[in-house]
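In case you want the letters, here they are:
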Amino acid sequence: MTLPTRTLGALTVSAQGLGCMGMSQSYGTGDETESVATIHRALDLGVTLLDTANVYGAGANEELVGRAIRDRREEVVLATKFGIVRDAEGHQAARGDAAYVKQCCDESLARLGVDHIDLYYQHRVDPDTPIEETWGALAELVEAGKIRYAGLSEAGAATIRRAHAVHPVTALQSEWSLWTRDIEAEIAPTCAELGIGIVPFSPLGRGFLTGSITSASQLGEKDMRAGLPRFSEENLSANLAIVDTVKALAEKRGVTAGQLALAWVQAKGEHVVPIPGTKRRTYLEQNVGAATLELTPEEISELDAVGEGVAGARYPEHLQRTVGR
């Protein structure tokens, strides 16, 4: 099977990618055998863009992805990230000095077992290091052949422009879904103006938009969603109205709620390539089924209105302050 392709800057990828984070952290216990089988199935279905990061599972996710693609490297557009660290209080922080960028790249190459990374993202912007220094280091990595393209994650519009002036920003990876619309006012238009692709992560609202989560009690202690405001029992109950609307619209179209939510993100432009994450083949196959689903203008308009009035912040305060810099 061959999926349609889209372009992120000058990089051609499948119209939908696969987020691999949940195979190693954040959403309960992992299963390496099923995770590797899911990656292989994604490649069989024509998914080329695989997304990981050095921080996922403290390096374990890169190692898993590396093992999975060892005999299929030529089929993969491999994306990973650097830049998330922990501060003195154990909270998420960012680092982007040139020496650290190069060190992280070498470490990721070793864990992945490859000689180059196709798309290397700055995972979060370091407020204490000029973006020009970070992107100067990324440009040097391109020249050295260690990476092909460079991207940003969760950056603000002004930072995107400054980085792009140093070296082309191929893609911006940020959260974008029916209930997370933060980038639409300024960031998405900036990317469109500059010819930068957008790679939405959590396009299914961390699984919420599929309708599979109806109570906070379903989230185990190893599930990061239990600490997110939108998934508190009170906010979750209020947000179920969003899912009810999506499910009703999906039923009319004869697809799943998740497929409809994915198709809405995909409809935002030919430069938009969502990376729904999953660690199971069943969900992967459902997600890929949305890659060719085209919505009518009326359906898009109805879905545009769904995310208004979401209850609860996207992140707790200590995480929220690391995005949009």
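Just so we're clear, the structure is a prediction, and the values are computed from it rather than from any experiment. (Residues numbered from 1 in each chain as written. Predicted model: local features only at pLDDT ≥ 70, side-chain atom pairs only at ≥ 80, totals over all residues. Heavy atoms only, no water.)

(A) Layout of the overall build of the protein chain. The helix and strand inventory of the protein chain stands at 11 helices and 11 strands. The dimensions of the protein chain, computed from C-alpha atoms along their principal axes, are 50 × 40 × 40 Å. Scored against the burial criterion, the 325 residues of the protein chain give a buried share of 56%. A separation threshold of at least 6 residues defines the contact pool for the protein chain, and within that pool the share at least 24 residues apart is 75%. A total accessible area of about 13,000 Å² is found for the protein chain, and carbon and sulfur atoms account for 49% of it. Taken as two groups, the 31 positive and 44 negative side-chain charges of the protein chain have centres that lie 2 Å from each other. (Helix = DSSP H or I, 4+ residues; strand = E, 2+ residues; numbered from the N terminus. Buried < 20%, exposed > 50% of the residue type's maximum accessible area, 1.4 Å probe, protein only. Contact = heavy atoms within 4.5 Å. Areas by Shrake-Rupley, 256 points an atom, 1.4 Å probe, with all protein chains shown as cover. Lys, Arg positive; Asp, Glu negative; His and termini not counted. Charge placed at Lys NZ, Arg CZ, Asp CG, Glu CD.)

(B) Structural detail: the pairing of strand β1 (residues 5-8). Alternating positions in β1 separate cleanly, R6 and L8 being buried on one face and T5 and T7 remaining unburied on the opposite face. Bridge count for β1 against strand β2 (residues 11-14) is 4 bridges, and the pairing is antiparallel. Within β2, the residue paired with R6 across the bridge is V13. Taken together, β1 and the strand that follows it, β2, pair antiparallel across an intervening segment of 2 residues, in which G9 is found at a positive phi of about 60°. (Pairing = 2+ DSSP bridges.)

(C) Just the state of the cysteines, in detail. A full pass over the atoms with the stated rule returns 0 disulfides. In this structure C20 is not part of a disulfide, and its nearest cysteine sulfur, from C105, lies 18 Å away. Relative accessible area serves as the criterion here: at 1%, C20 is assigned to the buried category. Of all cysteine sulfurs, the one in C104 lies closest to C105, which takes part in no disulfide; the gap is 8.8 Å. Residue class for C105 comes out buried when judged on its relative accessible area of 0%. (Disulfide = S-S within 2.5 Å.)

(D) Molecular detail of the sheet that holds strand β3 (residues 18-19). Read across the sheet, 7 strands follow the order β3-β4-β5-β8-β9-β10-β11 without closing on themselves; strand pairing throughout is parallel. The outermost strands of the open sheet, each flanked by one partner alone, are β3 and β11 (197-201). Direction of pairing for strand β4 (residues 49-51) relative to strand β5 (residues 77-82): parallel, over a ladder of 3 bridges. When the sheet's bridge partners are listed, L49 is paired in β5 with V77.

(E) Region of interest: the packing of aromatic side chains. On inspection of all chains with the given rule, the structure shows 4 aromatic pairs. Ring plane angle 40° and centroid distance 5.0 Å describe the contact between F82 and Y120, whose orientation is recorded as tilted. With F82 in strand β5 and Y120 in strand β8 (residues 117-122), this pair connects stretches of sequence that are 38 residues apart. F82 gets classed as buried once you look at its relative accessible area, which sits at 0%. (Phe/Tyr/Trp six-rings, centres within 6.5 Å; stacked < 30°, edge-to-face > 60°.)

(F) Structural view of helix α7 (residues 233-253). For α7, built from 21 residues, the straight-helix expectation of 30 Å at 1.5 Å per residue is met to within 8% by its first-to-last C-alpha distance of 30 Å. Along α7, the largest kink reaches about 30° and is centred on N239. Buried residues in α7 make contact with α8 (257-266) and α10 (297-304). (Expected span 1.5 Å × (residues − 1). Bend = angle between axes of the 7 residues up to and from the residue.)

(G) Structural detail: helix α9 (residues 281-288). Buried within α9 are the following residues: L284, N287 and V288. Angularly, the buried residues of α9 cover 95° about the axis, an arc narrow enough to put them on a single face. Here the buried face of α9 lies against β3, α1 (32-44) and α8. (Arc of directions from axis to C-beta.)

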